[in-house]
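Chain and residue survey
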Amino acid sequence: MLSTYVNGVQKTLTWLTRDAYCAAKCNGQLSEIFEDAMAARTWRQALRRDWQLYSLAILPLLFFVVFRYLPMLGNVIAFRRYRPGGDIFGERWVGLHYFQMFWSDPTFWQVFTNTLIIGGLTLVVLFPLPVVLALLLNEVRTRALKRLVQTISYLPHFLSIVVVAGIVFQVLSVDGIVNQGLKALGQEAVPFLQQPGWFRTIYVSSEAWQTIGWGTILYLAALTTIDPDLYEAARIDGANRWQQTWHVTLPGIRPTMVTLLILNIGTFMAVGFEKILLLYNPLTYPTADVVATYLYRVGVVSGSFSYAAAIGLFESVIGLVLVLSANAISRRTVGTSLW
Amino acid sequence: MVTVEAPETLASTPAKPNKGQRPSRGYRVFQGVNALVLTGVVVLTLYPLINILARSFSAEDYIRSGQVNLLPRGFNLTTYRRVMSDPMFWTNYRNTIYYTVVATAISMVLTVCYAYVLSKKHLRGRSVLVGLAVFTMFFNGGLIPNYVLVSGLGLRNTIWAIVLPNAISVFNLLVMKSFFESMPVELEEAAAVDGLNTYQTLLRIVLPLSKAMLATMVLFYAVSFWNSWFSAFLYLDRSEMFPVTVYLRNLIAGATGGSDVGTASETALQIAANIQSVTIVLTVLPIMLVYPFIQRYFVSGVMLGAVKG
């Protein structure tokens, strides 16, 4: 039953992706032009014919308007003074006051740098690993082993972030298994979670533990769609196995890789906010505190909503700019892009 | 020589004919190393989980002196009894079940309705409706405006603060949409000829044919709501309303009230080590119970899905 789901996910990614070399997509566009010809010519006709369909969209649209678009408008409180419990759009204009405030706030620049570092590490370390694991799995000839690795490595994906954080605390505590290993090697126990120097390593490792296995799913699916004749042709041309991987396999999964990369860049600024919130503490703030956690403390905990909203707006805009740039670059260079 | 192409895992694809070449020595070495690396992945994934299980059955003294590794030391069930005798744990556990059921039901109704509408290519304004949803994947209002909104609507300390703001996952919506699009148009044309209106077609024709997809969606929504904690942490103030994830979070943070910042003092960690382990095990238990059931479909299903697509 989950096969249909992965199938759908693949189609969705393809749909989100405009790949210059993807003939199927072009066919899709043709048929859509065709469908347009059948579409109702005026709104009045459309409403008369499809009012039942439109009625099904009312509640979901209400959801999007209230819980997605209203908060976007709610960002005006970044430019207005807001009183907790008052009007959700604030009381009076203060212009760029709050932006100037965070611009000259040294803590903001520190958490901004931390965000870039953690986001960068996440991208550089965590993006390639599922590709590598998928390629390795793809080479396995023993079906039982492949099955076992898949079954086990998908599992952490289904665990709550709170559970993962709990496991991290247990494993890295002074009496945990990592310190047991250190002691066996004659080293001193390290209070990992109290030391700023360790935080990024801990964060990235725990993310790796939770996401790598599941991350292989789409690549494994993409690998099965590569035409076997391409390998045959490569072999006849004298390509060895490594060359086959480099020249046939990787180009075959490239559209999937690029799409996922762009989507990942879109979440660059948000980083693993919930996980960091669970794992960090005042001792590790120097490396662990990111924009999202900082604005959470400033806004929700201390009640400076407008100030936090200004920071949040800045963060969202950077996120949007990043994803748009990545998309544009990708379209120019490899011909793959979203929408 | 067996080739790189994966389809050998497919039941539906004939096995790639072996060309009679023997694998080179280098390749056999690679196979060995590869198997070793993958076994390493399995061990690394399981190690922490087994350690937590071992800790949950161990006596506190052994844990504190760093002697619990893969097997329980000083085996006992007292910690389990202690955690399970806390009425708050059960209250919060019941809350998790309640929130998960309600939230999944609402999410499913909204997602299915909207996905069905979006799947109708002839619909005027369809691209606007799609764009409206997709845009929110890349830009959102952010934490503070959401917080202000939910508070302003008076949803704080109600189940709706958890359910409504996350009701539709756009990704699931798009997956559902592409699934509906792949259904044969003739089916619905036939339904129209039989005089069924849109609602009847959806309920009697389309949904029964989508059972597998719907089951998967229910599962993914349910797991994500079961695992979620942040909305509850943010919007609920009374501990008798917390889901079990927040209960666990407070144990980890060494706080019993609504401490605002995730702090973890080493002393609190020490005291609660076995209690934390037990709570982790009990929180994860339902997911572990359904996992063998779902992964069976998954591991074999991924490949089949790819072929059909």
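Anyway, here's the lowdown on the structure attached to this text.

Rules and cut-offs
- Residues numbered from 1 in each chain as written.
- Chains lettered and ligands numbered in written order.
- Predicted model: local features only at pLDDT ≥ 70, side-chain atom pairs only at ≥ 80, totals over all residues.
- Heavy atoms only, no water.
- Buried < 20%, exposed > 50% of the residue type's maximum accessible area, 1.4 Å probe, protein only.
- Helix = DSSP H or I, 4+ residues; strand = E, 2+ residues; numbered from the N terminus.
- Contact = heavy atoms within 4.5 Å.
- Core = buried A, V, L, I, M, F, W, Y, C linked by side-chain atoms within 4.5 Å.
- Axes fitted to C-alpha atoms, helices over the stretch in contact; angles between N-to-C directions.
- Parallel < 35°, antiparallel > 145°, perpendicular 65-115°, else oblique.
- Left-handed = near helix turned anticlockwise from the far one by under 90°.
- Expected span 1.5 Å × (residues − 1).
- Buried area = accessible area lost by both parts, 1.4 Å probe.
- Salt bridge = Lys/Arg side-chain N within 4 Å of Asp/Glu carboxyl O.
- Polar contact = N/O pair within 3.5 Å; in protein donor to acceptor, adjacent residues only side chain to side chain.
- Nonpolar A, V, L, I, M, F, W, Y, C, P; charged D, E, K, R; others polar.

Some points on helix α15 (residues 291–301) of chain A
Because an α-helix packs 3.6 residues into every turn, residues spaced three or four apart end up facing the same way. With 10 of 11 residues buried, α15 of chain A lies mostly within the body of the structure. Residues of α15 of chain A that are buried make contact with α5 (106–126), α13 (273–279), α14 (285–288) and α16 (305–333) of chain A together with α6 (143–152) and α12 (230–235) of chain B. Two residues or fewer past α15 of chain A, Gly-303 of chain A is found with a positive phi of approximately 80°.

Re the nonpolar core
Core analysis: the largest hydrophobic core is formed by 196 residues, its most contacted members being Phe-64, Ile-167 and Tyr-296 of chain A together with Ile-144, Phe-180 and Phe-230 of chain B. By residue number, the principal contributor to this core is helix α10 (residues 196–224) of chain A, which donates 15 residues.

With respect to the packing of α15 of chain A against α6 of chain B
Put simply, α15 of chain A and α6 of chain B touch, their axes get as near as 10 Å, and they point 25° apart. In this view, α15 of chain A runs roughly parallel relative to α6 of chain B, as classed from their interaxial angle. Remark: the crossing between α15 of chain A and α6 of chain B carries right-handed chirality. Along its contact with α15 of chain A, which presents Leu-295, Tyr-296, Gly-299 and Val-300 of chain A, the element α6 of chain B presents Leu-143, Ile-144 and Tyr-147 of chain B.

Digging into α16 of chain A
Between its first and last C-alpha atoms α16 of chain A spans 42 Å; for 29 residues at 1.5 Å apiece the expected length is 42 Å, and the two agree. Within two residues after α16 of chain A, Gly-335 of chain A carries a phi angle of roughly 75°, on the positive side.

Thoughts on the interface of chain B and chain A
Accessible area lost on assembly of the parts is the figure often given for the size of an interface. Taken together, the contacts link 135 residues of chain B with 126 residues of chain A. Roughly 12,400 Å² is buried in total at the junction of chain B and chain A, and carbon and sulfur atoms are behind 72% of that figure. Where chain B touches chain A, the interface holds one salt bridge. Residues Arg-55 of chain B and Asp-175 of chain A are paired through a salt bridge, measuring 2.6 Å at the closest nitrogen-oxygen approach. Linking chain B with chain A are 26 residue pairs in polar contact (both at pLDDT 80 or more), by the criterion used here. Looking at which element gives the most residues to the side of chain B that touches chain A, the answer is helix α14 (residues 266–308) of chain B, with 24 residues. Of the residues assigned to the side of chain B that touches chain A, the class counts are 83 nonpolar, 38 polar and 14 charged.

Quick look at the pattern of salt bridges
Counted according to the given criterion, the structure contains 12 salt bridges over all chains. Of the charged contacts, one joins Arg-241 of chain A and Glu-139 of chain A as a salt bridge, the two residues approaching to 3.8 Å between their closest N and O atoms. Here Glu-139 of chain A lies in helix α6 (residues 128–139) and Arg-241 of chain A lies in helix α12 (residues 241–266), a separation of 102 residues in the sequence. Assigned by exposure class, Arg-241 of chain A and Glu-139 of chain A land together as buried. Here the residues in one salt-bridge network are Arg-126, Lys-177 and Glu-181 of chain B, joined through shared partners.

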